[in-house]
Structure formats: C-alpha cells, structure tokens
Amino acid sequence: MHFDPIFIIASALTLAVLLASAATHKVRAPARFAKQLADYQLLPQALVRPVARVIPAVELVIAFALLVPVSRYWAALAAAGLIALYATAIGINLWRGRRDIDCGCAGPDQAQPLRPILLLRNSVLVTVALLASVSPLARDLGFFDGFVTVAASAVALLLYAAADGLLANSPLLLKLIGR
Amino acid sequence: MEGLIVSNVLLWILLAAVAFAVMGLVRQIGVLHGRLAPAGALMMDKGVAVNEAAPQVTASDRNGRPVNFGYAGEKNQLLFFLSPTCPICKSLLPAIKSIAKEQADRLDVVFISDGDMDAQQKLIREHKLEDATYVVGPEVGMTYQIGKLPYAALIDKTGTLRAKGLVNSREHLDSLFEVEHLKKATLQEYLNSQPHAHDHSHGHSH
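Residues numbered from 1 in each chain as written. Chains lettered and ligands numbered in written order. Predicted model: local features only at pLDDT ≥ 70, side-chain atom pairs only at ≥ 80, totals over all residues.

Overview of the overall build of chain B
1) Next: Along the backbone of chain B there are 7 helices and 7 strands.
2) Next: Ordered by position from the N terminus, the helices and strands of chain B form the series α-β-β-β-α-β-α-β-α-β-β-α-α-α.
3) Next: Within chain B, the proportion of its 206 residues that are buried is 25%.
4) Next: Relative to all contacts within chain B whose residues are 6 or more apart in sequence, the contacts with residues 24 or more apart total 65%. (Helix = DSSP H or I, 4+ residues; strand = E, 2+ residues; numbered from the N terminus. Buried ≥ 20, exposed ≤ 12 C-beta atoms within 10 Å, placed from the backbone. Contact = placed C-beta atoms within 7 Å.)

A short note on the sheet that holds strand 3 (residues 76-81) of chain B
Residue and element names in this part refer to chain B.
1) Next: Spatial strand order, 5-4-3-6-7: 5 strands in an open sheet with mixed pairing. Edge positions in the sheet fall to strand 5 (133-136) and strand 7 (161-166), since each has one partner strand and no second. In this sheet, neighbouring strand axes are inclined to one another by 15° on average, regardless of whether the strands run parallel or antiparallel.
2) Next: Two strands pair when backbone bridges link them, and strand 3 and strand 6 (residues 151-155) are joined in this way by 5 bridges, in the antiparallel orientation. Looking across to strand 6, one finds that Q77 is bridged to I155. (Pairing = 2+ DSSP bridges. Axes fitted to C-alpha atoms, helices over the stretch in contact; angles between N-to-C directions.)

Some remarks on the confidence of the model for chain A
1) Next: Chain-level pLDDT for chain A is 89 on average; 97% of the residues reach the 70-or-more range.
2) Next: Looking at the elements of chain A, mean pLDDT is at its lowest for helix 2 (residues 30-39) of chain A, recorded as 87, and at its highest for helix 4 (residues 72-96) of chain A, recorded as 93. (pLDDT = per-residue confidence, 0-100.)

A word on unusual backbone geometry
1) Next: In this structure, Q41 of chain A takes a positive phi of about 50° despite not being glycine.
2) Next: Positionally, Q41 of chain A belongs in the loop between helix 2 and helix 3 (45-67).

Quick look at the UniProt feature "transmembrane region" (unreviewed entry) in chain B
1) Next: As recorded in UniProt, the sites labelled "transmembrane region" (unreviewed entry) are residues 6-26 of chain B.
2) Next: Helix and strand shares over residues 6-26 of chain B are 100% and 0% respectively, and the end C-alpha atoms of the span are 30 Å apart. (UniProt positions renumbered as here; feature names shortened; annotations may be inferred.)

Notes on the interface of chain B and chain A
1) Next: Taken together, the contacts link 16 residues of chain B with 18 residues of chain A.
2) Next: Here the residues of the side of chain B that touches chain A are counted per class, giving 13 nonpolar, 2 polar and 1 charged. (Nonpolar A, V, L, I, M, F, W, Y, C, P; charged D, E, K, R; others polar.)

Let's talk about the packing of helix 1 (residues 5-28) of chain A against helix 3 of chain A
For any two helices packed against each other, one specifies the inter-axial angle together with the distance between the axes.
Residue and element names in this part refer to chain A.
1) Next: Orientation of helix 1 relative to helix 3, taken along the N-to-C sense of each, is 155°, at an axis distance of 8 Å. Compared by their axis directions, helix 1 and helix 3 come out roughly antiparallel. For the pair helix 1 and helix 3, the sense of crossing is left-handed. Facing A12, L15, A16, L19, A20, A22, A23, K26 and V27 of helix 1, the residues of helix 3 in contact are I55, P56, E59, L60, I62, A63, L66 and L67. (Parallel < 35°, antiparallel > 145°, perpendicular 65-115°, else oblique. Left-handed = near helix turned anticlockwise from the far one by under 90°.)

Regarding the nonpolar core
Residue and element names in this part refer to chain A.
1) Next: Residues A12, L15, L66, A79 and A129 are the most contacted members of the largest nonpolar core, which totals 36 residues.
2) Next: The set of elements that each furnish at least two residues to this core consists of helix 1, helix 3, helix 4, helix 5 (116-133) and helix 6 (143-176).
3) Next: The greatest single-element share of this core, amounting to 10 residues, is contributed by helix 1. (Core = buried A, V, L, I, M, F, W, Y, C linked by C-beta atoms within 7 Å.)

Below, the structure written as structure tokens:
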C-alpha cells in the first residue's frame, strides 16, 4: 500500500514532537514519573527506578529516529509498540479496577484518572504511528509540500493538545456537578 | 493554480489559528476547574445557625474601644477570625483588605484574634492593619464557636448571621457574599438544592 509522502512525513513529525514532549516531562520530574510508574504496579519495586530512567531515553531516541527517513520505518513500528504497551498498562489497571491512579499521560498539570477512553486515545496514536511506517509513494517534494506537512502536523498537535485537555477536564467537570 | 495555492496556504494558517484557539480555551477551562474545585466556604454543623439572629456580644478592640457584634447597625459586618500563627490567615489578609476597601460604604470588617499581644502587634505592622478594627480576646470566638481558622462570618445590618464558614481562598470569601445574595446558608446547600429540586417534589407527591 502506498500513500503520498505528505501523510507519512506529517504523521512521523507529529509523533516525534509528541514523544519528545512526553520525554521532556519525564526527564524534568524523574521522581514524579517513578511514582506514577510504581502506582501502575506492573514492575517489581527494584526495577521501577531503572525503567523510569530508560523510558524517556527510549522515547527521545524514537522521536529522533522518526525524523530521519532511513530509520523512519523501524522507529514508527517502535513507537506503535511503545504506545500499545502504555495502552496495555492502562488496560491491565482498568481491569484490576484501579481507576484512581494518575494516568501520567500528559504534563504535570494534567493529572487524570484512568478511563477506558484513554485506550481509544492510544489506539488513535498507534494508528498514526502505523501510518508513519508505511513506505511513501516516490515523488519529488517541493517547498509547498514541506509547508503542508509542517502545517498539518502543527494542526494535529494543537488538536491533540485540545483533546487531551478535554480528557483531563472531564473528571473535574463531573466532580463539579456532583456525579 | 496560483490562486488555489494561496487559498490553501491561507486555509492552513487559519486552521492552525482555530486549533490554537480551541486548545487555549480548553486550557482556560482547566484553570477554571482548578480554581473552582472546593466550591464555597466549608461550614461545620455547629455553632450559630445561619439566617438567625447572631449572638450579641461586646468585646474591646486592641485600643480598648468597645466593639459590638450581632447588634443592628448601619453596615453589614464581616468577622474574620485569624491568628498570628496561621499562615493561611495571613495569605488571606490582602483579599480581606481589598474587600473592606471595595465595600467600605456598606461593610465593616472586624479582625478577631487571640493570644500573644507581641505577635499580634507584629502581624498588624507587617500587614498595615493599624487603622482596622482588631479585637484580641477569646470572647467572640467562643460565642460564635470557632474551632478552625481562618474563619469568616457575615452579619447583616439587622443583626442576622447571613453566612459563615472556613475560608481558605479569596473564592471562599466571595462565596460568603454570594450566599448572602442567594439566601442560603452555604454555597454547598445552594448547589445541592439545584439538581435535587425535582427529587423533592417527587418525594412529596408520594
């Protein structure tokens, strides 16, 4: 299956920015991320700290690799795998009934409980990652193509931030109206 | 073709602007949620009932002048209970002072504290409360059964207690004036009365 390179590069760019921002949040507050990871109760206590160090590094490496055409295919598959792994972690804790732990999905000011809708969010991200892994249709790219790619991923990122904010707000709204 | 490209560029830019505006709105709603979270000053179910005559008590302020509480007067009275050892009380003082200034023509603000006089003097100096009515002594706090600080009570002109509660922020303080306006004891009571109105009528019909 072949897609126009604009779709693929824009998906890769969007994903790279998302992963890089996620990694910076984790690097800036390692203690908080370690606590969130421990709250998921999926790893033995001894492994929590080293894994909390490694995950942001992995995210950064994938983010950079996504931007390089040569490594894009593998990086996109790795990103899809990582996001699917997060979804599994959320799914396991939802199944355990531990809904009240912090998702740790977005930045520090967006603590939100686990909900099934987060699985939907992650599956959308996996779709974007899989789209980025498709090999592009060979064609010459001009300046205008570059502009469309950057603009499309900028809009996608802004909409993602807005959707994420709505997700984080909805439990607060429910609390406010007393449900 | 040239026109199409220009229109496309323009559309992308405008779309990005709209997406940015949406994200900004969501963020602002998030901030509002953060500020709203504990709606209204918390009222413990003890002490004087709201919307009934406030207990009448007279205490002398730090200069020895008598101050009346709970008597009918020309202005509403806001009682702010504080202590020099309570950091949240101090953080609320600017808000209290600004309320006192805004509503100077219809509201008397009285600061009520207890304990060590030197610490009181220091607090008064630090926060420039020299001109404020400042009562030091246990009488008023005991009469109104204040257990937790910072606590505020609002008494209207006729000597009726209109609102009271534990206040931790400017929003809590404002909520006291809001509930006075809504004729409810606390903001919680007002909020609870809204969605359950139907349930009550339902309950009576059976």
